[in-house]
Amino acid sequence: MALRLYNTMSSQIEEFHPLRDHEVSMYACGPTVYGYGHIGNFRTFVAVDLLQRFLRQSGYNVRYVMNITDVDDKIIRNAARDGVSVQQYTAKYEKAFHEDSTLIAIEQPKLVRATEHIAEMADFVAKLVEKNIAYRTDDGSYYFRIKSFPQYGKLSKKDFGGMLDGARVDVDEYDKDDARDFALWKAPKPGEASWDTSIGPGRPGWHLECSVMSMEELGDSFDLHAGGEDLVFPHHENEIAQSESLTGKTFARFWFHVRFLLVEGEKMSKSLGNFYTLRDLVLKGHKPSSIRYLLASVPYRNQLNFTFDGLKQAAVSVERLRNFRQRLTMGSFPPGSKPEMQSLAAETIGRMKAALEDDLNTAQAQAAIFEMVRGVNAAFDANGIGQDDVPQLLVALDKFDEIFAVIKDDDGPKMERVFHWAPTEGREKDISPELREAVQSGQLSDADIEKKIAEMEAARRSRDFKVSDALRAELTNAGIVIENTKNGVRWRRK
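Residues numbered from 1 in each chain as written. Predicted model: local features only at pLDDT ≥ 70, side-chain atom pairs only at ≥ 80, totals over all residues. Heavy atoms only, no water.

(A) Geometry of the sheet that holds strand 15 (residues 304-306). Here three strands make up an open sheet; going across it, the order is 14-13-15 and the pairing mixed. The sheet is open, and its two borders are formed by strand 14 (266-267) and strand 15, each paired with just one other strand. (Pairing = 2+ DSSP bridges. Helix = DSSP H or I, 4+ residues; strand = E, 2+ residues; numbered from the N terminus.)

(B) Looking closely at the side chain of S297. Position of S297 relative to the elements: it lies in the loop between helix 8 (288-296) and strand 15. Those residues in contact with S297 that lie beyond four places of it in its chain are L304, T362, A363 and Q366. (Contact = heavy atoms within 4.5 Å.)

(C) Quick look at the pairing of strand 2 (residues 12-15). Two strands pair when backbone bridges link them, and strand 1 (residues 4-7) and strand 2 are joined in this way by four bridges, in the antiparallel orientation. By the bridge assignment for strand 2, Y6 is matched with I13. Between strand 1 and strand 2, which pair antiparallel one after the other, the connecting turn spans four residues, and S11 there sits at a positive phi close to 60°.

(D) Structural view of the packing of helix 9 (residues 308-330) against helix 12 (residues 390-404). Running from N to C, helix 9 and helix 12 cross one another at 155°; their axes reach a closest spacing of 10 Å. The angle between the axes of helix 9 and helix 12 places the two elements in the roughly antiparallel class. For helix 9 against helix 12, the interelement crossing comes out left-handed. Every residue of helix 12 that contacts helix 9 at L321, F324, R325, L328 and T329 is listed here: V390, L393, L394, L397, D398 and F400. Across the contact of helix 9 with helix 12, the residue classes break down as eight nonpolar, one polar and two charged. (Axes fitted to C-alpha atoms, helices over the stretch in contact; angles between N-to-C directions. Parallel < 35°, antiparallel > 145°, perpendicular 65-115°, else oblique. Left-handed = near helix turned anticlockwise from the far one by under 90°. Nonpolar A, V, L, I, M, F, W, Y, C, P; charged D, E, K, R; others polar.)

(E) Expanded view of the confidence of the model for the protein chain. The predicted model of the protein chain averages 89 in pLDDT, with 89% of residues at 70 or higher. Long-range and interchain partners of residues 423-442, a stretch whose pLDDT sits below 50, account for 28 contacts in this model, where long-range means more than four residues apart. (pLDDT = per-residue confidence, 0-100.)

(F) Expanded view of the sheet that holds strand 4 (residues 61-68). The strand order across the open sheet formed by five strands is 5-4-3-11-12, and the pairing between neighbours is parallel. With partners counted over all chains shown, the strands left at the sheet margins are strand 5 (110-113) and strand 12 (252-258), one partner each. Ignoring strand direction, the axes of neighbouring strands in this sheet form an average angle of 25°. Pairing between strand 3 (residues 23-28) and strand 11 (residues 222-228): three bridges, direction parallel. Note that in strand 11 the partner of Y27 across the bridge is H225. Relative to the sheet, helix 6 (residues 232-247) contacts strand 11 and strand 12, its axis offset from that of strand 11 by approximately 160°.

(G) Region of interest: the pairing of strand 12. Extensive coverage of strand 12 is indicated by the burial of six of its seven residues. Sheet analysis places strand 11 next to strand 12, joined by six bridges and oriented parallel. When the bridges of strand 12 are listed, F222 appears paired with A252. (Buried < 20%, exposed > 50% of the residue type's maximum accessible area, 1.4 Å probe, protein only.)

(H) Broad picture of the pattern of salt bridges. Counted by the stated rule, this structure contains 26 salt bridges. Note that R203 and D73 form a salt bridge whose closest N and O atoms lie 2.7 Å from each other. Separated by 130 residues along the polypeptide, R203 in strand 10 (residues 203-204) and D73 in helix 2 (residues 73-82) bring together distant segments of the chain. Assigned by exposure class, R203 and D73 land together as buried. A salt bridge links E371 to R351; the nearest nitrogen and oxygen atoms lie 2.9 Å apart. (Salt bridge = Lys/Arg side-chain N within 4 Å of Asp/Glu carboxyl O.)

(I) Region of the structure containing the nonpolar core. Judged by nonpolar contacts, the single largest core of 132 residues is most densely connected at F256 and V376. For this core, the element with the most residues is helix 1 (residues 39-57), which contributes 10 residues. Discounting residues that sit within four places of it in the chain, F256 has contacts with L5, A47, V48, L51, L224, H225, A226, G227, Y300 and L360. Counting seven residues, the second-largest nonpolar core is a separate cluster that includes I449, I453, L471 and I480. (Core = buried A, V, L, I, M, F, W, Y, C linked by side-chain atoms within 4.5 Å.)

(J) Spatial organisation of helix 1. Taking 1.5 Å of rise per residue, the 19 residues of helix 1 would be expected to cover 27 Å, and the 26 Å separating its terminal C-alpha atoms lies within 8% of that figure. A large share of helix 1 lies buried, amounting to 16 of its 19 residues. Looking at the residues trailing helix 1, positive phi occurs at G59, about 100°. (Expected span 1.5 Å × (residues − 1).)

(K) Spotlight on the packing of aromatic side chains. Enumeration over the complete set of coordinates arrives at 15 aromatic pairs. Ring centres of F251 and W255 lie 6.1 Å apart, and the angle between their planes is 45°; this geometry places the pair in the tilted category. Both residues of the pair, F251 and W255, belong to the buried class. Through pairs of rings, three or more aromatic residues link up here, namely Y27, F222, F251 and W255. Lying over the aromatic face of F233, K158 brings its terminal NZ or CZ to 5.2 Å of the ring centre. Directly above the aromatic system of Y143 lies the positively charged group of R168, at a separation of 5.2 Å from the ring centroid. (Phe/Tyr/Trp six-rings, centres within 6.5 Å; stacked < 30°, edge-to-face > 60°. Lys NZ or Arg CZ within 6 Å of the ring centre and 35° of its normal.)

Next up, the structure:
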């Protein structure tokens with residue numbers, strides 16, 4: 001079975017085949033670096049990361065490019081307000097994006113900055129003018145002539161039959177039901193940053209940037225374009241129009257869009273007080289692996305309801321997987337193998353692969369690995385695992401973690417780095433006492449450990465497994481290795 005993905009262009013799930021055998025070219029709209037990335041942004045970035053990881057695991061050579069939008073309306077306005085250059089203003093937020101991406105185990109694509117492709121963008125506009133697809137206005141701005149592209153609206157499925165020729169919109173982001181000629185190049189305004197180019201002074205429009213950078217890196221046509229669902233119109237619609245008007249070729253063959261998330265059942269907004277950046281959550285003591293696991297727990301085309309109870313459960317799930325791996329690697333098993341365990345490992349790998357091939361169904365892939373965990377844990381107690389079973393079970397676990405990246409990735413050093421954000425962010429009040437203590441001291445006392453193990457065992461005897469698992473997870477996160485032996489629980493520091 002081959003990978004099947006929902007293609008926004010066709011509005012259906014299609015079998016994915018790249019233009020070239022064993023090679024995938026993909027482009028994702030990255031951050032606009034005027035602020036810190038929020039969890040809605042990172043839901044998209046994590047989903048695209050999962051996709052490119054699975055493509056690589058499936059044997060493809062993936063050329064994955066993501067843009068950094070370091071010039072747009074908001075950036076220009078804010079830089080002018082603060083009296084700094086565009087580069088000075090965006091440097092802080094681009095650095096934060098890199099830190100946050102590393103924190104949440106996103107593999108870095110090739111990153112391209114808008115400000116490093118200004119000359120190419122000006123040349124692109126000039127070519128559109130030559131074809132009478134773009135035109136210059138009296139102030140020196142350039143606009144795309146919508147009526148020159150009859151297929152406009154084919155991605156968003158909007159009907160633009162009644163649009164007026166010559167009506168223009170010059171802002172980068174807009175939410176309209178009618179189309180207008182959009183700005184490709186904006187003439188300079190007093191106090192704003194601009195560049196001198198072959199078509200005159202000014203700066204590019206947001207939509208132009210992605211067309212130029214994606215085609216520079218991947219060619220006139222490439223396999224897959226990804227982004228959040230909010231980018232379908234106008235951003236991606238405009239990319240298609242200007243790119244295909246220039247080349248006469250299909251711009252991107254597959255369009256992969258990730259749905260918004262809710263926070264505690266409501267749309268995330270600052271006015272509701274439920275707007276969280278990634279570092280807000282980490283500074284409150286939530287582990288990066290837990291955040292990544294939760295963001296990946298719902299398939300990308302379904303709406304995720306991000307809750308703090310869900311975040312706590314994600315932490316428990318991650319620790320169950322880490323403890324399971326530790327139990328396999330440190331356990332003592334009799335020689336030989338058990339057919340049931342060999343079959344379970346192979347079936348789990350097959351189920352995870354089938355789930356991810358089915359439009360990247362991450363929920364089913366997670367379910368498959370936990371079914372294996374339950375089966376193997378039951379076999380532990382019945383001496384149903386042989387030495388030769390362990391490598392195959394670890395292969396299944398590693399296959400899962402190659403995609404989800406939550407088991408082997410160590411939260412500890414990451415949490416220590418996060419602590420150093422606080423003074424520069426002015427967020428000291430947001431750091432939980434537990435996080436501050438963990439970072440500063442790095443370990444629990446022997447008495448604290450013994451006390452927590454006693455509480456864990458008491459909870460287990462009373463069959464309160466949720467509390468028991470949470471206590472075990474807390475000890476593991478503090479660097480304590482817990483071993484269940486015939487003589488009771490033993491512990492040691494890593």
